[in-house]
Amino acid sequence: MNQRFLKTALGIIIANIFALTVVGIQTKISHENSSGIIVFSSFVIVPILMGIISAGIWRDLELRGKQLTLLSLLNGIIGIILSYFLLGEGILCLLIVSPLIGAFVITGAFLGRAMFKRKNQKLNVSVISLLIAVFIVDSISDHDHENLVADEILIEATPDKIWPHVVAFDKIEEKEKYWFFKIGMPSPMATTVSARELGANRKCIFSNGYIFDETIVEFEENKKLTFDIIDQPKDPEIMGHIDIKRGQFILKDNGNGTTTLIGNSWYKLYVFPTWYFDLWAENVTRNVHFRVMEHIKHLSEKN
């Protein structure tokens, strides 16, 4: 093996050892504190530092911009693969984070190249110190984000025809439309209820057998159903990084034989940065809403 290849490989290996060690420790501390929160630094600061580390090792290789970009992408991909095998992250979760990791590894590599070209030790130390400081502050800071997602659909039926299917419904037979469901994310399939009354136990069953246990906390016949989620599955995928706190259906009689069905979900996010992961969480939640509400619409209009 020639010296150039060895140096290229070394840049990737050391950067990934650093990242896996830091994220592994951070994750362990988070779980020991019972928070389970994965912070901003894991997906932004650590990838930037990965890129800087690699750029420092590659500084004598005189890489062009395209070469540096491709090697940085490879660096990020290897990190994602190692996260699957060594940190136990799920495939769908890693698919979500991959654009974030790839972008910031590349950013770090170009930042590192600029730093090492200048050969300004004070500047380099300042940049690294700043990134480490942000990492530490972010790791020890409180992280709390809750959101409400609301959607609605028009149904050609009166509330009394719709209400029975809102409280509980049989298995959804329609094929998946949402691309995330198609590649393996669990989708809602059916709901059961112990009784059609306040305080009853309700279960939402997903395609892979996951069950969300719920308690009905508001029961206004033909008008409103609200339920708290009291237990939900945990796995390496997105469900392991989000808690669905409450769900709600509201039926608005339009007075012309049609009803507007509104679906609301409240959730708490345990993965940051919010600006990125909340986009995914909202998108998944909306598609869960519409899969359920379209099924309710189909059942209601069929009668």
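Conventions used here
Residues numbered from 1 in each chain as written. Predicted model: local features only at pLDDT ≥ 70, side-chain atom pairs only at ≥ 80, totals over all residues. Heavy atoms only, no water. Pairing = 2+ DSSP bridges. Helix = DSSP H or I, 4+ residues; strand = E, 2+ residues; numbered from the N terminus. UniProt positions renumbered as here; feature names shortened; annotations may be inferred. Phe/Tyr/Trp six-rings, centres within 6.5 Å; stacked < 30°, edge-to-face > 60°. Buried < 20%, exposed > 50% of the residue type's maximum accessible area, 1.4 Å probe, protein only. Lys NZ or Arg CZ within 6 Å of the ring centre and 35° of its normal. Expected span 1.5 Å × (residues − 1). Salt bridge = Lys/Arg side-chain N within 4 Å of Asp/Glu carboxyl O. Axes fitted to C-alpha atoms, helices over the stretch in contact; angles between N-to-C directions. Contact = heavy atoms within 4.5 Å.

Identification of the protein chain as SRPBCC family protein from Sphingobacterium litopenaei is taken from an unreviewed UniProt entry.

Peer 1: Just give me the short version of the pairing of strand β5 (residues 224–231), but keep the residues and values in it.
Peer 2: Pairing between strand β4 (residues 211–220) and β5: 7 bridges, direction antiparallel. Of the residues in β5, the one forming a bridge with Glu214 is Ile229. The loop that links β4 with its antiparallel partner β5 comprises 3 residues; one of these, Asn222, has a positive phi angle of about 65°. Pairing geometry for β5 and strand β6 (residues 242–253), over 5 bridges, is antiparallel. Bridge assignment links Asp228 to a residue of β6, and that residue is Arg246.

Peer 1: Any chance you could break down the UniProt feature "transmembrane region" (unreviewed entry) in the protein chain for me, citing the residues and the numbers?
Peer 2: Cross-referencing UniProt, the feature "transmembrane region" (unreviewed entry) maps to residues 5–25, 37–58, 70–87 and 93–111 in the present numbering. From the first C-alpha to the last, residues 70–87 spans 25 Å; its make-up is 94% helix and 0% strand. Split by type, residues 93–111 is 100% helix and 0% strand. Its first and last C-alpha atoms lie 27 Å apart.

Peer 1: Give me the lowdown on the packing of aromatic side chains, citing residues and values where you can.
Peer 2: Note on aromatic pairs: each is described by the distance of the centres and the angle between the planes. Applying the stated criterion across every chain yields a total of 14 aromatic pairs. With a centroid separation of 4.6 Å and 55° between ring planes, the pair formed by Trp179 and Phe180 is classed as tilted. Relative accessible area serves as the criterion here: at 0%, Phe180 is assigned to the buried category. Ring-pair connections join several aromatic residues into one group, and the members of that group are Phe43, Tyr178, Trp179, Phe180, Phe181, Trp275, Tyr276, Phe277 and Trp280. In this structure, Arg59 packs its charged tip against the face of Phe116, placed 5.6 Å from the ring centre. The side chain of Arg202 reaches across the aromatic face of Phe227, ending 4.5 Å from its centre.

Peer 1: Explain helix α4 (residues 65–86) to me, using residue names and the numbers behind them.
Peer 2: In this model α4 runs 31 Å from its N-terminal to its C-terminal C-alpha over 22 residues, within 8% of the 32 Å that 1.5 Å per residue would give. Leu68, Leu71, Ser72, Asn75, Gly76, Gly79, Ile80 and Ser83 are the residues of α4 that are buried. Following α4 by one or two positions, Gly88 adopts a phi angle in the positive range, close to 75°.

Peer 1: I'd like to hear about the pattern of salt bridges, residue by residue, with values.
Peer 2: Tallied over the entire structure, the rule returns 11 salt bridges. For the salt bridge of Arg202 with Glu214, the shortest nitrogen-to-oxygen distance reads 2.9 Å. With Arg202 in strand β3 (residues 201–206) and Glu214 in strand β4, this residue pair connects regions lying 12 residues apart in the sequence. In this structure, a network of salt bridges that share partners links the residues Asp151, Glu282 and Arg286.

Peer 1: Go over the sheet that holds strand β1 (residues 145–155), please, and point to the residues and values.
Peer 2: Reading across the sheet, the 7 strands line up as β1-β7-β6-β5-β4-β3-β2 and stay open at both edges, with antiparallel pairing between neighbours. Each having just a single partner strand, β1 and β2 (188–193) make up the two edges of the open sheet. Ignoring strand direction, the axes of neighbouring strands in this sheet form an average angle of 25°. Strands β1, β2, β3, β4, β5, β6 and β7 (259–269) of the sheet are contacted by helix α7 (residues 159–167), whose axis makes an angle of about 165° with β6. Its contacts with the sheet place helix α9 (residues 274–302) against β1, β2, β6 and β7, and it is angled at close to 30° to β1.

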